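Structural description and commentary
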Amino acid sequence: MPFIDCGDLERSITQVLEPRISAAMTGFEPFYVQHGPFERETKRPAPAQPPEYDLAFVLRADERIMWPLEAKVLETPGAVAAYAHDVENEFLKCRYAPFSSSGAMLAYLISGGATDAFASIATKLGCELHDVVEHSARPNRVSKHTRIVPTGKLYPSAFNCYHLVLEYPGLSRSRA
């Protein structure tokens, strides 16, 4: 088991995922995975910092194009407010994944089950979560949305959000 810093669960888990994803890749993919890349397309005026993804698959042919994964720790299946906030205010307002018609949310679930977390996510987002048929054995779903595209931008308006729940029973946030 890799070391997980319980004082910083989200970053710690995400950081150990990157090399494991890279190791599973063949090296011939048209993309690479990166922890913490910046989305410069939607950076607000200085002194603002650009949005930073937890993980992203970056297209080798045009590194401006990224397929991001945003991670959130869920203490319980019902604790989805911050998770839903990122879907609604980052992905669906084109701040995240402006050039992509999809992106992903990772839930690091500390207690409870993935099925209950999916039910809470669907309720909070007010949408249906559909099975991903190609990967039915994995705890994942997809939701379909229409994004609010900023005036003058040609970003895709149809957006699919993939939801993956990874269970981490026995972990807890350090309160120190």
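The following refers to the structure shown. The shown structure was predicted, so the numbers you read here are calculated from the model rather than taken from an experiment. (Residues numbered from 1 in each chain as written. Predicted model: local features only at pLDDT ≥ 70, side-chain atom pairs only at ≥ 80, totals over all residues. Heavy atoms only, no water.)

A cis amide bond links A46 to the next residue, P47, at an omega of 10°. Within the secondary structure layout, P47 lies in the loop between strand 1 (31–35) and strand 2 (55–59). Phi is positive for C94, which is not a glycine, with a value near 65°. Tracing the backbone through its elements, the reader meets C94 in the loop between helix 2 (81–91) and strand 4 (102–109). (Helix = DSSP H or I, 4+ residues; strand = E, 2+ residues; numbered from the N terminus.)

Here we come to the sheet that holds strand 3 (residues 66–74). Within the open sheet, the seven strands sit side by side as 1-2-3-4-7-6-5. Their pairing is mixed. At either margin of the open sheet sits one strand with a lone partner, and together these are strand 1 and strand 5 (130–131). By the bridge criterion, four bridges tie strand 2 to strand 3 in an arrangement that is antiparallel. Bridging across to strand 3, L55 finds its partner in L69. Together, strand 3, strand 4, strand 6 (140–146) and strand 7 (158–167) form the strand contacts of helix 2, whose direction differs from that of strand 4 by roughly 165°. Against the sheet, helix 3 (residues 114–125) contacts strand 3, strand 4, strand 6 and strand 7, and its axis sits at roughly 150° relative to strand 7. (Pairing = 2+ DSSP bridges. Contact = heavy atoms within 4.5 Å. Axes fitted to C-alpha atoms, helices over the stretch in contact; angles between N-to-C directions.)

Attention now moves to helix 2. Listed in full, the buried residues belonging to helix 2 are Y83, A84, D86, V87, E90 and F91. Residues of helix 2 that are buried make contact with strand 3, strand 4, helix 3, strand 6 and strand 7. (Buried < 20%, exposed > 50% of the residue type's maximum accessible area, 1.4 Å probe, protein only.)

Inspection of the secondary structure puts R147 in the loop between strand 6 and strand 7. Here R147 sits buried without a salt bridge, and the closest side chain of opposite charge, E39, lies 8.8 Å off (N-O distance). There is a polar contact of 3.4 Å between the side chain of R147 and the backbone oxygen of Y96. A polar contact of 3.0 Å, which involves the side chain of R147, links it to the backbone oxygen of P156. Those residues in contact with R147 that sit more than four places away from it in its chain are F91, L92, C94, Y96, A97, P98, S100, Y155, P156, S157 and F159. (Lys, Arg positive; Asp, Glu negative; His and termini not counted. Salt bridge = Lys/Arg side-chain N within 4 Å of Asp/Glu carboxyl O. Polar contact = N/O pair within 3.5 Å; in protein donor to acceptor, adjacent residues only side chain to side chain.)

Moving on, we get to the state of the cysteines. According to the stated counting rule, one finds zero disulfides in the structure shown. The thiol sulfur of C94 is not disulfide-bonded, and the nearest other cysteine sulfur, from C161, lies at 13 Å. Residue C94 is classed as buried on the basis of its relative accessible area of 1%. Unpaired in terms of disulfides, C161 finds its nearest cysteine sulfur in C127, a separation of 8.2 Å. (Disulfide = S-S within 2.5 Å.)

Let's shift gears to the side chain of D54. Following the sequence through the fold, D54 ends up in the loop between strand 1 and strand 2. Excluding residues that lie within four positions of it along the chain, D54 makes contacts with E10, T14, Q34, H35, G36, L69, E70 and A71.

The next thing to look at is the pattern of salt bridges. Tallied over the entire structure, the rule returns seven salt bridges. The salt bridge involving K72 is made with E70; its shortest N-O contact spans 3.8 Å. When its relative accessible area of 15% is taken as the criterion, K72 is described as buried. E90 is paired through a salt bridge with R95; the nearest N and O atoms lie 3.7 Å apart. Grouping residues by exposure puts E90 and R95 together as buried. Overlapping salt bridges, with partners in common, bring together E70, K72 and D86 in one network.

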